[in-house]
Amino acid sequence: MAEARAAPAVAALPIRRRRGAWAAFARHLLRDPYALIGISIYAIFVVVGLTAPWLAPYDPMEILFTADGGLAASLPPSADHWLGTTNLGRDIVSQLVMGTQPSLIVGLSAAVAVASIGTVVGLLAGYFGGAVDQVLMRVTDIVLGLPFLPFVIVVTALLGPELQNIVFAVAVLLWPNAARVIRSQVLTLSQRQFVEAARVTGAGEWRILFVHVAPSVLPFSALYGAFAVGWAILTQASIAFLGFGDSSAISWGTMLQDAYASQALDRGQYFWFLPAGFCIVLVVLAGFLVSRGYEDLLFPKLRDDT
């Protein structure tokens, strides 16, 4: 009878832990202005990316002409073209807005991939330990030793400049940091009483791992996914600027590459490249603000020491 009465209480433990972890995560979000600003920046770009076809006043690849039939090339900002036009007569605002979509696709896809791979590797290494931990951590060390941008360039050169290949390269290189942090958390969680209680009730190892332990580390997965968004977008822009990206797709990186190749800086066309660069800076800054705001959540020992 005592075991029967204890079973419901034991079963409720992981649910309470899950709610407690996400409640703490939400409290940090509402309390910390840095994290709130960072996530707000991400939210704005998501909304712009989803509504880009309706926000863009022109087709970003359309060559425009003036009323007298001349090419609308290198026009200054005006009521018809808020940021002016490129040297080929394309509307810069339309390119800036539509360029949000590939950046958004790369950023969010890489975030999901990095969070998923890092979480699974960290869970397996921290929970099972032994040979599993040794193998996974050695693979992690090898991946950490790979040069980031040269590796992405090689992958896109071999597999093609498609967005999925850039996401693949970014995901391959960015998951180790998430895996290490999650592993350290799992090493602690696996020794807690609620895990032992789950074993006593007859729960299998895989059920304990993914039902009882995993929910407590999901906030860390979400944070490292947020970091990956900025890195992935910055990488995609770098690849496009270096000429290894898809030239037929409009992105912030291709805008910078076109402006550089057309010597827009020498001609004083600052509205051509500054907005795209500013958007890239904002996305990367958002990742930094999230990490700054949740530093005490990721590194609780530092918080305790202070």
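The structure this text deals with has already been given above.
Trainee: Sorry if this is basic, but what is going on with the side chain of S221 here?
Mentor: You can see S221 is positioned in helix 10 (residues 205-241). A polar side-chain atom of S221 sits 2.4 Å from a polar atom in the side chain of T119. Residues within four places of S221 in sequence aside, it is in contact with A115, T119 and I182.

Trainee: Would you take a moment to explain the environment of E196 for this structure?
Mentor: Relative to the helices and strands, E196 is located in helix 9 (residues 193-200). For E196, a relative accessible area of 38% translates into the label partly exposed. Sequence separation between E196 and I208 is twelve residues; the distance between their C-alpha atoms is 9.4 Å.

Trainee: Sorry, what's going on with unusual backbone geometry here?
Mentor: Backbone geometry follows two general trends: most residues other than glycine have a negative phi, and most peptide bonds adopt the trans configuration. Even without being glycine, S74 reaches a positive phi, approximately 55°. Within the secondary structure layout, S74 lies in the loop between helix 3 (52-55) and helix 4 (92-98). The phi dihedral of Q263 falls on the positive side, at around 55°, and the residue is not glycine. Looking at where Q263 falls in the secondary structure, it is placed in the loop between helix 11 (252-261) and helix 12 (270-293).

Trainee: Looking at this structure, I do not really get the pattern of salt bridges. What am I missing?
Mentor: Two side chains carrying opposite charge are able to pair once their charged atoms lie near each other. Under the defined criterion, the tally for this structure stands at three salt bridges. D133 is the partner of R183 in a salt bridge, and the nearest nitrogen-oxygen pair spans 2.7 Å. Taken as a pair, R183 in helix 8 (residues 163-189) and D133 in helix 6 (residues 130-144) lie far apart in primary sequence, 50 residues in all. Accessibility expressed as a relative area gives 22% for R183, which makes it partly exposed. The salt bridge involving R138 is made with D141; its shortest N-O contact spans 3.0 Å. Highlighted residues: R138 and D141, both in helix 6, separated by three residues, approximately one helical turn. For R138, a relative accessible area of 40% gives the class partly exposed.

Rules behind the numbers
Residues numbered from 1 in each chain as written. Predicted model: local features only at pLDDT ≥ 70, side-chain atom pairs only at ≥ 80, totals over all residues. Heavy atoms only, no water. Helix = DSSP H or I, 4+ residues; strand = E, 2+ residues; numbered from the N terminus. Polar contact = N/O pair within 3.5 Å; in protein donor to acceptor, adjacent residues only side chain to side chain. Contact = heavy atoms within 4.5 Å. Buried < 20%, exposed > 50% of the residue type's maximum accessible area, 1.4 Å probe, protein only. Salt bridge = Lys/Arg side-chain N within 4 Å of Asp/Glu carboxyl O.

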